[in-house]
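# Structural description and commentary
Residue-level listing of the chains:
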Amino acid sequence: PANGSTFPAFATTLTAQASVPGGLVAIVEFYANDTFVGADTTPPYASVWEPTATGTYLLTAEATDDASVTRTSDPVTVTVTNSVPAIATSTLPRAALGRLYSAQLSAGGGDGPLSWWLAGGALPEGITLSPAGVLSGTPSALGTSQFTVRVRDSDLFTAAWDEDARALSLTVDPDRSQPGTYGFQPSHDAYLHLIAPPGNRPAGNLPPPMSEGIAFNEDTLVVGKTGAVIRRSYLRFDLSGLGGIVDGAVLVLQNTDTEDRTGTYRIYAGTPTSWSGTDLSAHNAPEPVGAPLASQTAIPGGSTVRFDVSSAVTDNGVYHFILDVEPDGNHHARFSSKEGSAAPVLEVTTIAAPVVTELAPIADSGVYQDQPALNGGALSFMQVNGAANFNKEGFLKFTVSDITGNVVSAKLRLTVVAQPGGTPSSNALVWSNDTTTWTESGINWSNKPTSSILRDTQPHPKAIGGVIEFDVTAAITGDGTYSFQIKGSGPPRVDYATRENANAAYRPKLVLTVQ
C-alpha cells in the first residue's frame, strides 16, 4: 500500500522490490508493527496480510541476500478502518396475495459485500430473504408478518458491532390489481373535542372533563355539537395496490347508537397532515377542504351509513376524511371506530384502464364524378371536393378484431397533404357504408357503395399537415369490417393522405379506445 493510505480490514497483498548488485536475494520477509506477516523467495516478492484489528500500522520489508546480509526498507504507514453497517430500510411496500413481490433491503456503511439473514420472527408464506437482501416470492396468505433481519459486512472482524438488526413488518393484502370493489379499513381514526368559535359559545365554562383539543382513540367515533363543544371524527386511509381506474368510492360507517339521531352529518376531504390515532390534536388535525363530499340527515339507531366520497378518491394514495355535524342545534351520533365491532370501510370500485389502439386501413381509394371509371387506389392521396359535377370522394375500409370491452371512442384521423384550390372554408363529412365488399383497386364512381349514415362533419384543416378528426364511435359496434366515405360540402379541393403515402405519420388511422 502507499504511504499514508487508509483501507478497510480486508486481506491485502504487500509487495516489495529487492536486488543485490553482483549477488542474489535469498528471501524477502514482510512485517506489520514488527510482527511477521510472511515471506517470499522469488520475485516479484509479495505476501498477503490480514489485519485483525483497526489502527495504524508500520509496514516494512526485510531482504536477505546470499551472503546473509540483511537490509530493511523504509517503513510505510497505513491505517486500517472498520465501517459498521447500518440498515436504512424502515418500511416495506405492501404485497398482494398471489402476485410476485420483490423488495431490496438497503444498508449504509460496512466493508465489502453485505450479507443478510432472517434473525427472528417469520416472513409471509411464499416470501424468502436472499443473502443479498432481496425479499421476494409470491405470498400465499393474507396478513401482517413481524420479523427481524440482520446484516453484516465482509471484513475480517467478527465483533457484534460489525452487524446491524432491524425489526420490520410486511403486510399481504388481497390482490386489488384487477377491476372490482375492494374494502379498506382506516390506518388511523380518532375523534377530537374542539371549542366552538367565540360567536357560538354559551355563557360559562366547558363542562368537565372536556377541554380544547382533547383527542380520543377508542372503539367509538363521536360526532356532534353540544353547547360550545364540537366533536369531529377523523379517518385516514392508505390505498395501495389498486389497478385500473377508480370508478367510485363509498365510506361506510356503522352507527352504534340505539336511538335515532337528528341533524345533518357531513363528510369532508381533509388536508394531508401527519397524525395518528394516538397523537391527533387541534394543532395537527386535518382541515376540511371545500364543500362537504356528502351528507346524511336523520340517522336511524344502529344503521349503516354510506357516504359517497368518489370525488375525493382518484388513485392509490393517502386520504383523510373529517366527519362532523351541521351546527344548527345540539346533535350528536356515535359510530364504530377501527377498534370497535364494525370498523369503518372505504369501498373503492375500480374499472379496467382504457386501451387505445390505432388501426391502419386495409384499403383506401379516391373516386371522381367527372371520371367515373377512374380508380385512385394506387395514389398516395385521396381528393375531396364538393364542387357541383366535379365531386371527388374518398373511401376507407378498416377491420376491427379482438375487441374485449366496450368501444368508448372511435376517431377517424386524416392528414392534409395538398390544397390545390387554396385555403378551404368548407367542411368534410364522413358517412358510413353498409357495403364493405369494394376493393382498393376496383372501386370507382360508377360502382361505389351508397352513403348510409352521416357520422360527423368537421371543417377542413387550414394548412398542409393539418389533421381532421371525425367521431365515428356510433359506427363501431364490435368486431367486423367498416367502410367510411369522405365527402366535401363544397369547393375547393383538399387532398388527404392515403395508406400509400410515403410519410407514415400522415397515413389514415382509426383510433379506438376500449374499456
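Treat the numbers as computed from the prediction; the structure is a model and nothing was measured. Residue positions are given per chain, counted from 1 along the sequence in the order it is written. Selection of residues for local features in this predicted model requires a pLDDT of at least 70, selection of side-chain atom pairs for listing and counting requires 80 or more, and totals for whole chains, interfaces and linings are taken over all residues. Derived side-chain values reflect all non-hydrogen atoms in the structure, with water molecules and hydrogen atoms excluded from consideration.

## A closer look at the overall build of the protein
What counts is decided by this rule: Helix and strand definitions here come from DSSP, where helices need a minimum of 4 consecutive H or I residues and strands a minimum of 2 consecutive E residues; each element is numbered from the N-terminal end. Put simply, the radius of gyration uses C-alpha atoms, and a globule should come to 2.2 Å times the residue count raised to 0.38. Residues are treated as being in contact if the distance between any of their heavy atoms lies within 4.5 Å. Computed with a 1.4 Å probe, the accessible areas rest on the Shrake-Rupley method; for each residue, only the protein chains presented here act as cover.
A count of helices and strands for the protein gives zero helices and 40 strands. Here the C-alpha atoms of the protein give a radius of gyration of 39 Å, more than 25% beyond the 24 Å that 2.2 N^0.38 yields for 515 residues. Viewed in the frame of its principal axes, the protein has a C-alpha envelope of about 120 × 95 × 45 Å. Across the protein, contacts joining residues at least 24 apart in sequence account for 75% of those joining residues at least 6 apart. Of the roughly 24,300 Å² that the protein leaves accessible, carbon and sulfur atoms contribute 51%.

## Let's talk about the side chain of Thr350
Following the sequence through the fold, Thr350 ends up in strand S29 (residues 345–351). Dropping the residues within four chain positions of it, Thr350 is found in contact with Gln178, Pro179, Gly180, Tyr182, Leu242, Gly243, Ile245, Val246 and Asp247.

## Describing the sheet that holds strand S15 (residues 134–137)
Our working rule: Whether two strands pair depends on DSSP finding at least two bridges between them. Between N-to-C directions, angles cover 0 to 180 degrees, with each direction set by a line fitted to C-alpha atoms, over the stretch in contact for helices.
The sheet built from three strands is open, its strands ordered S11-S15-S14 with antiparallel pairing. Two strands close off the open sheet at either side, each with one partner strand: strand S11 (101–104) and strand S14 (127–129). Across the sheet, the mean angle from the axis of one strand to that of its neighbour is 15°, orientation sign disregarded. Pairing of S14 with S15 involves three bridges; the strand directions are antiparallel. Directly across from Ile127, in S15, lies its bridge partner Gly137.

## Examining the nonpolar core
The test is simple: Working definition of a nonpolar core: buried Ala, Val, Leu, Ile, Met, Phe, Trp, Tyr and Cys residues. They are joined through side-chain atoms within 4.5 Å. Relative accessibility under 20% of the residue-type maximum defines a buried residue, over 50% an exposed one, and the middle range a partly exposed one, all with a 1.4 Å probe and only protein chains included.
Formed by 30 residues in total, the largest nonpolar core has its most connected members in Val313, Phe321 and Leu346. Setting aside its immediate chain neighbours within four residues, Val313 contacts Leu239, Val246, Ala249, Tyr319, Phe321, Leu346 and Val348. Counting 26 residues, the second-largest nonpolar core is a separate cluster that includes Ile468, Phe470, Val494 and Tyr496.

## Re the packing of aromatic side chains
How we decide: Side-chain rings of Phe, Tyr and Trp (the six-membered ring for Trp) are treated as a pair once their centres are within 6.5 Å; stacked means planes under 30 degrees apart, edge-to-face means over 60, and tilted covers the remaining angles. Charge over a ring is defined by NZ of Lys or CZ of Arg lying within 6 Å of the ring centre and within 35 degrees of the ring normal.
This structure, assessed with the given rule, holds six aromatic pairs. Summarising the aromatic geometry, the rings of Phe237 and Phe321 are spaced 6.1 Å apart at their centres and angled 65° between planes, so their arrangement reads as edge-to-face. Of this pair, Phe237 sits in strand S22 (residues 229–239) while Phe321 sits in strand S27 (residues 317–325), and the two are 84 residues apart along the sequence. Each member of the pair, Phe237 together with Phe321, is buried. Positioned above the aromatic ring of Trp445 is the side chain of Lys448, whose terminal nitrogen or guanidinium carbon lies 3.5 Å from the ring centre. Taking the ring centre of Trp431 as reference, the NZ or CZ of Lys487 above it sits at 4.8 Å.

## Overview of unusual backbone geometry
Here the amide bond leading from Pro43 into Pro44 is cis, since omega sits at -10°, within 30 degrees of zero. In this structure, Pro44 sits in the loop between strand S4 (35–40) and strand S5 (45–49). In this model, Pro491 is joined to Pro492 through a cis peptide bond whose omega is 5°. Within the secondary structure layout, Pro492 lies in the loop between strand S38 (480–488) and strand S39 (494–497). For Asp34, which is not a glycine, the phi torsion comes out positive at approximately 70°. Tracing the backbone through its elements, the reader meets Asp34 in the loop between strand S3 (25–32) and S4. By relative accessible area, which is 72% here, Asp34 ends up exposed.

## What about the sheet that holds strand S10 (residues 95–96)?
Within the open sheet, the four strands sit side by side as S10-S17-S16-S13. Their pairing is mixed. Every interior strand has two partners, whereas the edge strands, S10 and strand S13 (115–121), have only one. For strand S16 (residues 143–152) and strand S17 (residues 163–173), the ladder comprises 10 bridges, and the chain directions are antiparallel. Across the sheet, residue Ser145 finds its bridge partner in S17, namely Leu170.

## Notes on the pairing of S3
Burial of S3 is extensive: six of the eight residues sit out of reach of the surface. By the bridge criterion, five bridges tie S3 to S4 in an arrangement that is antiparallel. Counterpart to Tyr31 in the pairing with S4 is Phe36. From the end of S3 to the start of S4, which pair antiparallel, there are two residues, and Asn33 there has a positive phi angle of about 50°.

## Digging into the pattern of salt bridges
Our working rule: Counted as salt bridges are all cases of a side-chain nitrogen of Lys or Arg within 4 Å of a carboxyl oxygen of Asp or Glu.
All chains considered together, the criterion is met by 19 salt bridges. Arg99 is the salt-bridge partner of Asp175, the closest N and O atoms lying 3.8 Å from each other. Here Arg99 lies in the loop between S10 and S11 and Asp175 lies in the loop between S17 and strand S18 (180–184), a separation of 76 residues in the sequence. Its salt-bridge partner being Asp238, residue Arg236 comes within 3.2 Å of it at the nearest N-O pair. By relative accessible area, Arg236 is classed as buried at 19%. By sharing partners, the salt bridges in this structure join Arg232, Arg266, Asp324 and Glu326 into a single network.

## Describing the environment of Ala298
Summarising the element assignment, Ala298 is placed in strand S25 (residues 288–299). Setting aside its immediate chain neighbours within four residues, Ala298 contacts Arg261, Thr262 and Gly263.

## With respect to the confidence of the model for the protein
Counted only if it meets this: pLDDT measures the predictor's confidence residue by residue and takes values from 0 up to 100.
On average, residues of the protein carry a pLDDT of 91, and 94% of them reach 70 or more. When the criterion is pLDDT under 50, residues 198–212 qualifies, and its contacts beyond four places in sequence or with other chains add up to 19 contacts.

## Section: the side chain of His331
Checked against the element boundaries, His331 lands in strand S28 (residues 331–336). Excluding residues within four positions of it along the chain, His331 makes contact with Val223, Gly224, Lys225, Thr262, Gly263, Tyr265, Val325 and Glu326.

## Focus: the environment of Leu454
Mapped onto the secondary structure, Leu454 falls in strand S36 (residues 451–459). A residue is classified by how much of its surface remains accessible, and Leu454, at 40% relative accessible area, is partly exposed. With 21 residues separating them in the primary sequence, Leu454 and Ala475 have C-alpha atoms 9.9 Å apart. Not counting chain neighbours up to four residues away, the residues in contact with Leu454 comprise Leu429, Val430 and Trp431.

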